[in-house]
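# Observations on the three-dimensional arrangement
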Amino acid sequence: MEIINYEALSHCIRDAVRDELQEHFKKRDSPPQQINERLLSKKELSDELGVSLVTVTDWMKKGLPFLRLHKRVYFKMSEVLKIMQQKIKD
């Protein structure tokens, strides 16, 4: 007596893998998500953008997104650029 139909199981596995690969490539075609994006310190951000630390502090007061870890402030460059692009459009 055959409990597992190996041919049917093989088709199920093949279909499941095909569906997962199609879903993976659909996500890959969408805009990339910066999951492991490096955090920049205030000094690194000011150097990267060519502005002073005072300017970065002023931008923070005006809504520039930042993360506070303990007493330190960090930025995600993708979020900073996104806000800057929105401000240019406005």
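Here we summarise the structure given alongside this text. (Residues numbered from 1 in each chain as written. Predicted model: local features only at pLDDT ≥ 70, side-chain atom pairs only at ≥ 80, totals over all residues. Heavy atoms only, no water.)

### Observations concerning the environment of Leu49
Where we set the bar: Every helix listed is a DSSP run of H or I at least four residues long, and every strand listed is a run of E at least two residues long, numbered separately from the N terminus. For every residue, the accessible area obtained with a 1.4 Å probe (protein chains only) is divided by the maximum for its type, and the residue is called buried under 20%, exposed over 50%, and partly exposed between those limits. Two residues qualify as a contact provided that any one of their heavy atoms is within 4.5 Å of a heavy atom in the partner residue.
By secondary structure assignment, the location of Leu49 is in helix H2 (residues 42-49). The exposure class assigned to Leu49 is partly exposed, which follows from its relative accessible area of 24%. Put simply, Leu49 and Leu81 are 32 residues apart on the chain and 9.9 Å apart in space, counted from C-alpha to C-alpha. With residues near it in sequence (within four places) discarded, Leu49 still touches Trp59, Met77, Val80 and Met84.

### Let's talk about the nonpolar core
One broad rule of soluble globular proteins: the nonpolar side chains tend to lie buried together. Stated formally: By nonpolar core is meant a set of buried Ala, Val, Leu, Ile, Met, Phe, Trp, Tyr and Cys residues that side-chain atoms within 4.5 Å join together.
Listed in full, the nine residues of the largest apolar core are Leu40, Leu45, Val56, Met60, Leu64, Val73, Phe75, Met77 and Val80. Taken together, the elements giving at least two residues each to this core come down to helix H3 (53-61), strand S3 (72-76) and helix H4 (77-89). Setting aside chain neighbours within four positions, we find Leu40 in contact with Leu45, Val73, Tyr74, Phe75 and Met77.

### Points about the packing of aromatic side chains
Short version of the rule: Aromatic rings from Phe, Tyr and Trp, taking only the six-membered ring of Trp, are treated as a pair when their centres fall within 6.5 Å; an angle between ring planes under 30 degrees marks them as stacked, one over 60 as edge-to-face, and anything in between as tilted.
Inspection of every chain in the model, using the stated rule, returns one aromatic pair. Taken together, a centroid distance of 6.4 Å and an interplanar angle of 55° make the contact between Phe66 and Phe75 tilted. By relative accessible area, which is 0% here, Phe75 ends up buried.

### Focus: the side chain of Ser46
With respect to the secondary-structure elements, Ser46 resides in helix H2. A relative accessible area of 2% means that Ser46 is categorised as buried. In contact with Ser46, not counting residues within four places along its chain, are Val51, Ser52, Leu53 and Val56.

### Observations concerning the sheet that holds strand S2 (residues 67-69)
What counts is decided by this rule: In short, DSSP must find at least two bridges between two strands for them to pair. Each axis is a line fitted through C-alpha atoms, taken for helices only over the stretch in contact, and angles between the N-to-C directions span 0 to 180 degrees.
A sheet is described by the order of its strands in space; here three strands give the open sequence S1-S3-S2, paired in antiparallel fashion. Edge positions in the open sheet fall to strand S1 (39-41) and S2, since each of these has one partner strand only. Taken over all neighbouring pairs, the strand axes of this sheet differ in orientation by 45° on average, direction set aside. Across three bridges, the pairing between S1 and S3 is antiparallel. By the bridge assignment, Leu39 is partnered in S3 with Lys76. In the packing of H2 onto the sheet, contacts are made with S1 and S3, and the angle to S1 comes to roughly 90°. Here H4 sits on the sheet in contact with S1 and S3, set at roughly 65° to S3.

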